[in-house]
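# What the coordinates show
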Amino acid sequence: MRNWKAFLASAGVAAALLGTPVLAQDEPAAPPLQDIPRDQTLILQNPEGTIRNPGWFNIWVPAGGGWTTGLHQLSMDTFWYIDPNEGIDGVTYNSLATGPAIYNDDYTEMTVELRPGVYWSDGVEFTAHDVVFTVEKQAETPGMNWSGVFSQQVESVEAVDDYTVHFTLKAPNSRFDSVFKVRWNAAWIMPKHIFEDVEDVLSFDNNPPVGLGPYTLHSYDPNGSWYIWEKREDWDRTAMAEYGEPAPQYVIYRDGGPTDRRLIEMRNGNLDMIHDLTPEGMFSIVQQDETARGWFDGFPYAHPDPTLPSVIFNHQNEKFQDRNVRWALALMLDGRAMSMASYRGAATMSAIAIPPTGTHPTDYHIPMNEWLTEFELDTGTSVIRPYDPDLTLGIADMVRPQYGDAVPSDPAEIRAAFGQGWWRQDIDAATELLTNAGFTRRGNNWIMPNGEPFAFSLMIPGDGVINRLGTMVAQNWTQAGVNVDVVVASDHADQRNAGNYDSYIWWSVETWGGHPDLSYFLDSWHSQYVADPGEIQPARNWQRWQHPELDRIIEEVRVTGFDDPRNLELGLDFVRLMVEEMPIIPVMSYNVFAVMSERYWTGYPSANNPYANPVNNWSNSRYILTQLERAGN
């Protein structure tokens, strides 16, 4: 067992070994671990860092407290979880519910049967009355996290009996159950017996938290650097018990500090799971620490998240309203160069508007490959086939000289890790498309039909892989004769929401990941939600795109059950529409370089055993704890 009294000194030793300077000032405090057995403890990085209001555990009210401190992973619960990957036994977990939601024929009523025998951590039984209180309290209290959803969508909610709750909705909604279905988070159930006597719920800190999860708060840093959770003696009276006993007796979420610090702490056994690293940090640690590994056994190591970094055009800008122009801009881009610039080659590319993660390759990417290969684009001068199914094989060839056998050589393995393919860079076709749209050349510069130079701005965040991706996109366009001004914006989300941009590198597509249903983002793309220029756009149609066929797809999804096979057909319709119209240019998944150390624990999820998302700030990560084993067992 590690000598924990040497914990504070360990960073200096590691720094000497790695040639990395120790950050003596402003280091996050280390948890007091002397009395906690290391071999019974799982230590995870909290990507929120140091929490501003560390004693705030009222997760239903935004007040500066942490969420990914273990609070929503280990203490909270709700009806269902849906895994971004394949799940332990299917992607959907019944948690507080015993089965799926029961709707009436027109989706205006929803009934949920609840699991009996589940207890709050203070020994009070969980019942339907907690659910009714949760919904009614938030509906009547503006400022709570789910007050808007419940007040706008729920006509009434009642406890039919202790284990049955019935909702009457204000309008048909076949996806109302998703409010209680955890992807990253969801509407957590409140303990009625705690909150019903609280005079002002908006100022109540809920400290210590009473929860339905298998752990209770042991202690926390008053300065917000760490949180320690201890397994409940009655963990088997929680819904999670159906999936097994969580192995660690203690779980610690701590501020891991910057990348260098995280590497040091894992090298010295003081971190078991790192939420994310830079690509360079990932490549370094797998070479230096034989116990460290990523999602893939070899390059590119990272886990593709169910988000899709893309080039987003503001469709309320006349420059981007012609499909020919958008396609021309797509064909000016070099997929290999974008992968190398952003992720140093460790990108998972996607030519379609679905992130290549979870079950999506099986549901969408592989089935669409033949259609994409045969897809024809009329430039006005010629008909081309713009899709390159072998582009990602070329990226693997580019990085193999540096990373050798760590890079897969089997084409199927390459496509699983690097993506199925992407668009060819075809400047001649882009020229034909712009010419067909009425553009002309003046020297190396493109001139719009109105006689003005084809010029616009590209907004990118201040640092990270998305910044690097955007810089390469702008370089490709500039070289092709488009005058692009890169705008690095610290407030890019605010400008995006207000429509105060021309083009933007980010994502407007987020999916469940482990299920073909696209409702997680798709309903928000309906034309009814498109804001007028200058007004705030509701999430997530940041491009403010409208199309009759898009509305048709969304409206059918609204009256189609979540698990109905028709859902996948509608998803494929959406994919084909997005290719034909190119309203955004999909580029790649957001790859997360999550690292797991097998020094103390084994059984983590991986590409070979994809039962969970390895990114530990997701609430779904709780199920990883049921699959872990102590190293050496």
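Residues numbered from 1 in each chain as written. Predicted model: local features only at pLDDT ≥ 70, side-chain atom pairs only at ≥ 80, totals over all residues. Heavy atoms only, no water.

## Considering the packing of helix α8 (residues 323-331) against helix α13 (residues 427-436)
- Where α8 meets α13, the axes come as close as 8 Å, and the angle between the chain directions of the two elements is 160°. Here α13 runs roughly antiparallel to α8, going by the angle between their axes. The element α8 and its partner α13 pack so that their crossing is left-handed. In this structure, α8 contributes Asn 324, Val 325, Trp 327, Ala 328 and Leu 331 to the contact, and α13 contributes Ile 427, Ala 429, Ala 430, Leu 433, Leu 434 and Asn 436.
- Grouping the amino acids of the contact of α8 with α13 by side-chain chemistry returns nine nonpolar, two polar and no charged. (Axes fitted to C-alpha atoms, helices over the stretch in contact; angles between N-to-C directions. Helix = DSSP H or I, 4+ residues; strand = E, 2+ residues; numbered from the N terminus. Parallel < 35°, antiparallel > 145°, perpendicular 65-115°, else oblique. Left-handed = near helix turned anticlockwise from the far one by under 90°. Contact = heavy atoms within 4.5 Å. Nonpolar A, V, L, I, M, F, W, Y, C, P; charged D, E, K, R; others polar.)

## A word on the packing of helix α10 (residues 360-374) against helix α18 (residues 566-581)
- Remark: α10 packs on α18, axes separated minimally by 11 Å, with the N-to-C direction vectors making an angle of 50°. On the basis of their axis angle, the class for α10 and α18 is oblique. The crossing of α10 and α18 is right-handed. On α18, the residues touching Asp 363, Tyr 364, Met 368, Trp 371 and Leu 372 of α10 are Asn 567, Leu 568, Gly 571, Leu 572, Val 575, Arg 576, Val 579 and Glu 580.

## A word on the sheet that holds strand β8 (residues 181-182)
- Reading across from one edge, β3-β2-β8 is the order of the three strands in this open sheet, with mixed pairing throughout. The strands lining the two open edges of the sheet, one partner per strand, are β3 (92-94) and β8.
- With two bridges connecting them, strand β2 (residues 80-82) and β8 associate as parallel partners. Following the sheet pairing, Tyr 81 is matched in β8 by Val 182. (Pairing = 2+ DSSP bridges.)

## Some thoughts on the confidence of the model for the protein
- Looking at the protein as a whole, the pLDDT averages 94, with 96% of positions reaching at least 70.
- Segment residues 1-25 is flagged for pLDDT under 50; beyond a separation of four residues in sequence, or across chains, it makes 42 contacts in the model. (pLDDT = per-residue confidence, 0-100.)

## A look at α10
- Over its 15 residues, α10 extends 21 Å from the first C-alpha to the last, a length consistent with the 21 Å expected when each residue adds 1.5 Å.
- The largest bend along α10 measures about 40° and falls at Met 368.
- Buried residues of α10: His 360, Asp 363, Tyr 364, His 365, Met 368, Asn 369 and Leu 372, and no others.
- On the buried face of α10, the contacting elements are β18 (387-388), β19 (422-423) and α18. (Expected span 1.5 Å × (residues − 1). Bend = angle between axes of the 7 residues up to and from the residue. Buried < 20%, exposed > 50% of the residue type's maximum accessible area, 1.4 Å probe, protein only.)

## Details of the pairing of strand β7 (residues 164-169)
- In terms of burial, β7 is a largely internal element, five of the six residues being buried.
- Relative to β7, strand β5 (residues 109-113) runs antiparallel, the two sharing five bridges. The partner of Thr 111 across the bridge, within β7, is His 166.
- Of the strand pairs in this sheet, strand β6 (residues 154-161) and β7 are connected by six bridges, and their pairing is antiparallel. Across the sheet, the residue bridging to Val 157 is Phe 167, located in β7.

## What about the packing of aromatic side chains?
- Under the definition given, this model contains 47 aromatic pairs.
- Each ring, one from Phe 454 and one from Phe 456, has its centre 5.4 Å from the other, and the planes form 55°; the classification is tilted. Across this residue pair, the class does not change: Phe 454 and Phe 456 are buried.
- Each residue in the set Phe 283, Phe 299, Tyr 301, Tyr 343, Tyr 403, Phe 418 and Phe 593 is aromatic and connected to the rest through ring pairs, giving one cluster.
- Sitting over the ring of Tyr 119, Arg 237 keeps its end group 3.8 Å from the ring centre.
- In this structure, Arg 496 is placed above the aromatic ring of Trp 542, and the distance from its NZ or CZ to the ring centre is 3.8 Å. (Phe/Tyr/Trp six-rings, centres within 6.5 Å; stacked < 30°, edge-to-face > 60°. Lys NZ or Arg CZ within 6 Å of the ring centre and 35° of its normal.)

## Observations regarding helix α6 (residues 259-267)
- The buried count for α6 comes to seven of nine residues, which makes it a mostly enclosed element.
- Of the positions making up α6, those classed as buried are Thr 259, Arg 261, Arg 262, Leu 263, Ile 264, Glu 265 and Met 266.
- The positive-phi residue at the C-terminal boundary of α6 is Gly 269, with phi of around 80°.

## A few points about the environment of Arg 424
- Take Arg 424: it is sitting in the loop between β19 and α13.
- Note: C-alpha distance between Arg 424 and Gln 495 (71 residues apart in sequence) is 31 Å.
- In terms of polar contacts, Arg 424 uses its side chain to reach the backbone carbonyl oxygen of Arg 385, at 2.9 Å. (Polar contact = N/O pair within 3.5 Å; in protein donor to acceptor, adjacent residues only side chain to side chain.)

## Thoughts on the nonpolar core
- Ranked by size, the top nonpolar core spans 119 residues in total, and within it Trp 327, Leu 329, Trp 422, Trp 477, Trp 525, Phe 574 and Ile 585 carry the most contacts.
- Ala 186, Trp 188, Leu 217 and Met 240 belong to the second-largest nonpolar core, a separate cluster that totals 41 residues. (Core = buried A, V, L, I, M, F, W, Y, C linked by side-chain atoms within 4.5 Å.)

## A closer look at the side chain of Arg 262
- Within the secondary structure, Arg 262 sits in helix α6.
- Among residues more than four places away in sequence, those in contact with Arg 262 are Gln 45, Gly 256, Gly 257, Leu 271, Ile 274, Asp 276 and Leu 277.

## Digging into the pattern of salt bridges
- Scanning the model with the defined rule gives 28 salt bridges in all.
- The shortest N-O distance in the salt bridge between Glu 265 and Arg 261 comes to 2.8 Å. Here Glu 265 pairs with Arg 261, and both are found in helix α6, just four residues apart, close to one helical turn.
- Measuring nitrogen to oxygen at the nearest pair gives 2.6 Å for the salt bridge that ties Asp 397 to Arg 400. Highlighted residues: Asp 397 and Arg 400, both in helix α11 (residues 391-403), separated by three residues, approximately one helical turn.
- The class for Asp 397 is partly exposed, based on a relative accessible area of 48%.
- Note on Arg 400: relative accessible area 23%, which makes it partly exposed.
- Beyond isolated ion pairs, a larger network of salt bridges with shared partners links Glu 549, Arg 552, Glu 556, Arg 566, Glu 569, Asp 573 and Arg 576. (Salt bridge = Lys/Arg side-chain N within 4 Å of Asp/Glu carboxyl O.)

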